[in-house]
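What the coordinates show
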Amino acid sequence: MEYNFKEIESNWQKYWATNKTFAAKDGGDKPKYYVLDMFPYPSGAGLHVGHPLGYIASDIVARYKRHKGFNVLHPMGYDSFGLPAEQYAIQTGQHPKITTEQNIARYREQLDKIGFSFDWDREVRTSNPEYYKWTQWIFIQIFNSWYNKNSNKAENISTLIAEFEANGNTKVNAVCDEDVQSFTAAQWNAFSEKEHSDILMAYRMAYLGVAYVNWCPQLGTVLANDEIKDGVSERGGYPVERKLMKQWSMRITAYAQRLLDGLDTLDWTESLKEAQRNWIGKSEGTSLRFKVIRHPELVSGSQEMLNQVQHDIEVFTTRPDTVFGVSFITLAPEHELVDLLTTPDNKAAVEAYVTQAKNRSERERQADINKITGVFTGSYVEHPFTGKQVPIWVGDYVLAGYGTGAVMAVPAHDSRDYSFAKHFGLPILEVVAGGDLEKESYDAKEGKLINSDFLNGLDVKDAMKKAIAEIEKQGLGKGKVNFRLRDAVFGRQRYWGEPIPVYYKNDIPYALNENELPLVLPEVDKYLPTEDGEPPLARAAASWKHEGKYDYEHSTMPGWAGSSWYFLRYMDAANGNEFASKKLSDYWQQVDLYIGGSEHATGHLLYVRFWTKFLKDLGYIAIDEPAKKLINQGMIQGLSAFVHRIHHSVNYSLPDGGRKVMPLPSVHVSKKHYDEFKLNGDYKTCSFYKEYQNIISHRIEELKIEEKTEQFNDENFSISKYNVDVNIVDNDVLDITKYVASKQFNDYKHFIYENEKYVCTREVEKMSKSKYNVVTPDDIAEKFGSDTLRLYEMFLGPLEQSKPWNTNGITGVHGFLKKLWKLFYGTGTFAISNDEPTKGELKTLHKTIKKITEDIERFSFNTSISNFMICVNELTDAKCNKRAILEPLLICLSPYAPHIAEELWKQLGHTESISTAAFPDFNEAFLIDDNVNYPVSFNGKVKFTLELAATLTTQEVEAIVRANEQTAKYLDGKEPKKVIVVHKKIVNMVV
RNA sequence: GCCCCGGUGGUGGAAUUGGUAGACACGCAGGACUUAAAAUCCUGUGUCUUCGCGGACGUACGGGUUCAAGUCCCGUCUGGGGUACCA
């Protein structure tokens, strides 16, 4: 019987689904293991061959762990809210729910074909009200929380209110807005409800606040920093501008330090942890206040202005050691003191500058990042140590949102300050020796301090300590830590997302009660903003109001809301009373292995860690990191194929004196000819010229007859390349029949071959429809079967590495499966022997068990495929069809190629799925060799090998090698200086 | 600019702890079977040199440590990814 993969695979897929073979048990004696793939967004294009790469790897681990006696949780679901479905809805008017369902159905069909061992009973969809009910519930918990710096935890807001009622806010140590006023208990108790709400808002972990946001007009929504790439939106590539807006945000910054510290406990790749560290961006330094010098013209102003001018300018610096090098202060254009400090002479210039700077979009700002702009305010501060006057400038290289929005500029030791100073001719004061300030600033944190009063002679490190001590002693500021991480904007002005469970009564936002959840996404007539710019939810029917009268919040949650806790829902997917019961989340704990793309480094993977820590703080779960181990699978790029077509026309004279240009028949040339032409440029000297001439000469002869002319000149010759569908290219060779049959290329039927084949050129590009280089898993499964697809995707190379999809080697793995099949069906019918295996056969088997186990444990799937091949090659050579060998081998193979393994397992007489079989134990005894093949080298270069008994001691080995006749040849009569014998490894003689 | 990860035959890649570089697979060449093709099987295949035995070279480049380096150290080049006025 032939290896009929189609029948085998569809049979077993049905069997697994019917018997719920891979349903996880919520408890039991077995240890648990949780393998998770990153949540897919079901896009309209379906899966291409790159998507399943990680799923195959995680499936191998899941199946392997089952064999190893673990209770495995391996679920799958869909992150089904999102922009593409909504954009499509706007264009077509079709409800995003419908598109989403269609896309999910297509995904499911494709996933099922690959034979994954998912527990589909636990499937979740973020757009499902039973799911987003709990996303909303978590939002409410976050809304009802504040961050207590004393306990270093999020706590219920009631503990904060109790504190306010007892002591006001003077003793509270909380993460909150910068500008909270202090109040006493008496004041608090006298405040109105609105005032209470406003004050609490400054402390809530989910809060409504005014902030600069990234506004994307084309998408009609705000975006988070991680949703913007190169100044344009990640989805769609539209421009983004800065806009001051009232927005729901999450106080993720409260967790900055814990998010940073937690990384050290995680088994994630270093590059991913680095990316998060950079994104969190911790920097240690000090705050420092500069006293503003009263400018006579400003002093004569109003009393109010006078009071405000007495404000100090506070800066944040990581280089307090360079304080004597300060030669000016720069404020961000948005800095609140800019107006007040600007003298009348400078008013016009400053106002113009500030307006222009504020209106610049993110993209413009990035485009002329090297353009230095700024303006002088006319005011000065006093240097805290020297008492000298230091001018105050405004410059947009200073960011309003970071630190205090003001910097002390030390041009000698900061490259940005340096450029600014050079451009505007400001002084550059050297305070750390070692640089050449004519050329550039000296930013390195090493060297001795000079020109710095009490810091002179100190190293940078010591100077920093001393400077901070002095600043603190004089009350000018204090040591401080700053993070680059910003609070996460949580509202989106879009339709297709979770409604934020909040309503407004008398302009005060209230969270819904838990028993009012879910707040179901209402129907709307159009998926666009309203005429006055309100989000689409404002289009909902007039009855969509809380208690029939109060407006609900009109913005929806961002894409990352639903994916920030989905790993918990899988633990208890059907629970209608809780997001997940404590009992089950205690049982499943955290994800043991998480596989997904590195593009989520600073988005999803940061948010999910944030929510996990939050839920832990409130005692809902026991763990504070979502995933212990994480692997980033590499991207699979497309490998485009090109054909090369000659464009050739001749320009000739007609007998009547006129001229005419006539194109010649278009001819395809194979890769070799194209390369040759590219190299020498003159087609007439190329090797294909003769053949080409044969093709076109007919046409030229015809022209001669038609037009009665012989004068051809001004030839125009070029070769261009065209994308050709990669699915009709096999090992770079074009299937001419299919190519000619394809509509697009119908007209060009002339080919110049090489070795009777048409060879395409190839290039690595992104996989996309327009480049004709998309390969779907369906195509491969159809042609070779899913087991081949699974093996081949793994065989391609290390999981983490990015690589182009190239089917050149796929026949190799397919051949391997056929060869395996032949071990059982060597004679044409199923034949298996119950004989005792030989020593050699046992060695082959146990070598394989050992390698496969090691390979899976270190996620090196490509090498395990090679090891299987070696094993089957050896067993084929030994003509081995013994049950004692083949049965354990099938179990080893079943995580990789489950369908064929199940089928042969059944043929062997088993009635239960192979997935229930225990992984074979490896026995060292079968691997011990009697002999060792010692390579003998001279000066490190191997010259010959000697097969010696393994029991020999190093001394004995040395004696034998010395006595060997070949050794004498290489020693040439000399005594070796030294002989190194590494037991069972190598012999090296130094001559 | 800064940070991270790479660079090994014609190709994908292997070499897990410093111990025979190139496993396995593709491709290519030759052969067997076949009327023929497909499929299958066998042999060879890093480069240079030699009729052959053999010899020399060889893991981006230049140095170093070591009996021994793809592997460790220093410097350079180069590809990919992340990030960017974050004070």
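All chains use their own residue numbering, which begins from 1 and follows the written sequence. Here the convention is simple: chains get letters from A, ligands get numbers from 1, in the order in which they are written. At least 70 in pLDDT is required for a residue's local features to be given in this predicted model, at least 80 for side-chain atom pairs to be given and counted, and no such filter applies to totals for whole chains, interfaces and linings, which use all residues. The side-chain numbers reported here are obtained from all heavy atoms of the structure, hydrogens and water having been left aside.

1. A closer look at the protein's contact with RNA strand B
Whether a residue is near a molecule or strand is decided by its heavy atoms; if any one of them lies within 4 Å of it, the residue is near. In the vicinity of RNA strand B there are 53 residues, among which Ser283, Thr318, Tyr402, Arg416 and Leu796 approach most closely. A breakdown of the atoms of RNA strand B within 4 Å of the protein gives sugar and phosphate a share of 61%. Definition of a polar contact: a pair of N or O atoms within 3.5 Å, with one able to donate and the other able to accept a hydrogen when the atoms are protein atoms, and with sequence-neighbouring residues admitted only if both atoms are side-chain atoms. At 3.4 Å, a side-chain N or O of Glu274 approaches a sugar or linking oxygen of RNA strand B. In this structure, a phosphate oxygen belonging to RNA strand B sits 2.6 Å away from a side-chain N or O atom of Ser283. Runs of E in the DSSP output that reach at least two residues are strands. Runs of H or I that reach at least four are helices, and both are numbered from the N terminus. Elements represented by at least two residues in the surface near RNA strand B include exactly α10 (270-280), β12 (312-317), α27 (810-825), α29 (861-877), β32 (931-938), β33 (941-949), β34 (978-982) and β35 (986-990). Here the surface near RNA strand B gets six residues from one element, more than from any other, and that element is α29.

2. Quick look at the pattern of salt bridges
The term salt bridge refers to a side-chain nitrogen of Lys or Arg lying within 4 Å of a carboxyl oxygen of Asp or Glu. As enumerated under the stated definition, the model contains 42 salt bridges in all. One salt bridge connects Asp121 with Lys20, and the closest N-O pair in it is separated by 3.1 Å. Linking Asp121 in the loop between α4 (96-114) and α5 (129-143) with Lys20 in the loop between α1 (5-19) and β1 (32-37), this pair joins segments that are 101 residues apart in sequence. Put simply, Asp592 and Lys32 hold a salt bridge, and the shortest N to O gap is 2.8 Å. Within this pair, whereas Asp592 is found in strand β21 (residues 591-596), its partner Lys32 is found in strand β1, the two being separated by 560 residues in sequence. Buried, partly exposed and exposed residues are distinguished by accessible area as a fraction of the type maximum, computed with a 1.4 Å probe on protein chains only: under 20%, between the cut-offs, and over 50%, respectively. Residue classification places Asp592 among the buried positions, given a relative accessible area of 11%. Taking the relative accessible area as the measure of exposure, Lys32 reaches 18% and is therefore buried.

3. A closer look at the domain arrangement of chain A
Domain boundaries in chain A define domain 1 (5-121 + 563-635), domain 2 (139-266 + 487-539), domain 3 (282-483), domain 4 (637-774), domain 5 (778-920) and domain 6 (929-990). Each domain's extent was defined by an automatic or database domain assignment. If you average the C-alpha positions of domain 4 and of domain 5, the two centres end up 45 Å apart. Residue contacts follow a heavy-atom distance rule, with two residues in contact if any of their heavy atoms lie within 4.5 Å. Every contact between the two is made by eight residues of domain 4 and, on the other side, seven residues of domain 5. Using a 1.4 Å probe, buried area is obtained as the accessible area two parts lose upon being combined, added over both of them. Counting the surface lost from both domain 4 and domain 5, the interface buries some 650 Å², and carbon and sulfur atoms represent 38% of this. Of all residues in domain 4, the largest losses of buried area upon contact with domain 5 belong to Gln637, Leu639 and Asn731, amounting jointly to 61% of the total for that side. Taken together, the connections running from domain 4 to domain 5 amount to zero salt bridges. Applying the counting criterion to the domain 4 and domain 5 interface returns two residue pairs in polar contact (both at pLDDT 80 or more).

4. Examining the sheet that holds strand β4 (residues 153-156)
One requirement defines pairing of two strands: DSSP has to find at least two bridges between them. Strand order in the open sheet formed by three strands is β4-β3-β5, with antiparallel pairing between adjacent strands. Of all the strands in the sheet, the pair left with one neighbour each is β4 and β5 (174-175). Pairing geometry for strand β3 (residues 145-148) and β4, over four bridges, is antiparallel. By the bridge assignment, Ser145 is partnered in β4 with Asn156.

5. A closer look at the sheet that holds strand β6 (residues 206-216)
Read across the open sheet, the four strands follow the order β7-β6-β10-β18; overall the sheet is antiparallel. For this open sheet the edge positions go to β7 (221-223) and β18 (488-489), each flanked by a neighbour on one side alone. As judged from the three bridges shared by β6 and β7, these two strands associate in the antiparallel manner. Bridge pairing in β7 links Asn214 to Leu223. Only the contacting stretch of a helix is used when fitting its axis, a line to C-alpha atoms as for every element, and angles between N-to-C directions run 0 to 180 degrees. Helix-sheet contacts for α5 involve β6 and β10 (241-250), and the interaxial angle to β10 is about 95°.

6. Thoughts on the environment of Gln247
Of note, Gln247 is situated in strand β10. Sequence-wise, Gln247 and Arg319 are 72 residues apart; in three dimensions their C-alpha atoms are separated by 34 Å. Those residues in contact with Gln247 that lie beyond four places of it in its chain are Tyr207, Leu208, Gly209, Val213, Val222, Val489, Gly491 and Gln493.

7. Considerations on a nonpolar patch on the surface
By definition, no residue in a patch forms a salt bridge, and every one has over 30% relative accessible area; like charges are joined within 9 Å, nonpolar side chains (Val, Leu, Ile, Met, Phe, Trp, Tyr) within 5 Å. Under the convention used here, a 1.4 Å probe and the Shrake-Rupley method define accessible areas, while residue burial counts only the protein chains that appear. A cluster of nonpolar side chains, Val210, Tyr212 and Leu244, forms an exposed patch at the surface whose accessible area comes to about 310 Å². The residue Leu244 is located in strand β10 in this model.

8. Brief notes about the environment of Asp119
Position of Asp119 among the secondary structure elements: in the loop between α4 and α5. Among the residues examined, Asp119 registers a relative accessible area of 4% and is labelled buried. Distance in space between the C-alpha atoms of Asp119 and Thr21 is 8.4 Å, their sequence separation being 98 residues.

9. Topic: the environment of Gly28
Within the secondary structure layout, Gly28 lies in the loop between α1 and β1. When its relative accessible area of 60% is taken as the criterion, Gly28 is described as exposed. Along the backbone, Gly28 and Thr330 are 302 residues apart, and their C-alpha atoms lie at a distance of 64 Å.

10. Details of α5
Side chains of residues three or four places apart in an α-helix project in the same direction, reflecting 3.6 residues per turn. With 15 residues, α5 ought to run about 21 Å at 1.5 Å a step, and its terminal C-alpha atoms sit 20 Å apart, in line with that. Counting buried residues in α5 gives 12 out of 15 residues, a clear majority hidden from the surface. Among the residues making up α5, those that are buried are Tyr131, Tyr132, Trp134, Thr135, Gln136, Trp137, Ile138, Phe139, Ile140, Gln141, Ile142 and Phe143. The length a helix should cover is 1.5 Å for every residue beyond the first.

11. As for the packing of aromatic side chains
Each pair of aromatic rings taken from Phe, Tyr and Trp, with Trp reduced to its six-membered ring, is defined by centres within 6.5 Å and is described as stacked if the planes are under 30 degrees apart, edge-to-face if over 60, and tilted in the remaining cases. Tallying each qualifying case throughout the model produces 67 aromatic pairs. Plain terms: the ring middles of Trp393 and Phe424 are 4.8 Å apart, the flat faces sit at 45° to each other, and that makes the pair tilted. Of the two residues, Trp393 is situated in strand β15 (residues 389-394) and Phe424 in helix α16 (residues 415-424); the sequence distance between them amounts to 31 residues. In this structure Trp393 comes out as buried when scored by relative accessible area, which is 10%. With a centroid separation of 5.5 Å and an interplanar angle of 80°, the aromatic rings of Tyr792 and Trp805 are classed as edge-to-face.

12. With respect to the pairing of strand β24 (residues 659-663)
When strand β23 (residues 636-653) meets β24, the two strands line up antiparallel, connected through five bridges. Residue pairing in the sheet places Tyr652 in a bridge with Lys660 of β24. Here β23 folds back onto β24 in antiparallel fashion, the turn holding five residues, of which Gly657 has a positive phi close to 95°.

13. Re the packing of helix α2 (residues 52-67) against helix α28 (residues 839-857)
Taken N-terminus to C-terminus, the directions of α2 and α28 make an angle of 125°; their axes are 11 Å apart at the nearest point. In this view, α2 runs oblique relative to α28, as classed from their interaxial angle. Remark: the crossing between α2 and α28 carries left-handed chirality. Taken together, the residues of α28 that come into contact with α2 (itself represented by Ile60, Tyr64 and Lys65) are Thr853, Ile856 and Glu857. Under the scheme applied here, ten amino acids are nonpolar (Ala, Val, Leu, Ile, Met, Phe, Trp, Tyr, Cys and Pro), four are charged (Asp, Glu, Lys and Arg), and all others, including Gly, are polar. Here the residues of the contact of α2 with α28 sort into three nonpolar, one polar and two charged. Here is the rule for angles: anything less than 35 degrees is roughly parallel, anything more than 145 is roughly antiparallel, 65 through 115 is roughly perpendicular, and the remaining ranges are oblique. Should the near helix be turned anticlockwise from the far one by less than a right angle, the crossing is left-handed, and should it be turned clockwise, the crossing is right-handed.

14. Focus: empty space enclosed by the protein
Every definition here rests on a 1 Å grid over the protein atoms only: cavities are sets of points where a 1.4 Å probe fits but cannot get out, pockets are open sets enclosed by protein on both sides within 12 Å along at least five of seven lines, and lining residues have some atom within 4 Å of a point. Grid points are joined across faces, edges and corners, and a volume is the space filled by probe spheres set on the points. Taken as a whole, this structure holds one cavity of 30 Å³ or more when the rule is applied. If you add up the space inside the largest cavity, you get close to 30 Å³. Lining the largest cavity are Leu36, Tyr566, Phe567, Val591, Tyr594, His604, Val608 and Pro626. Within the residue set of the lining of the largest cavity, elements represented by two or more residues are α19 (566-569), β21 and α21 (604-617). Classifying every residue of the lining of the largest cavity gives seven nonpolar, one polar and no charged.

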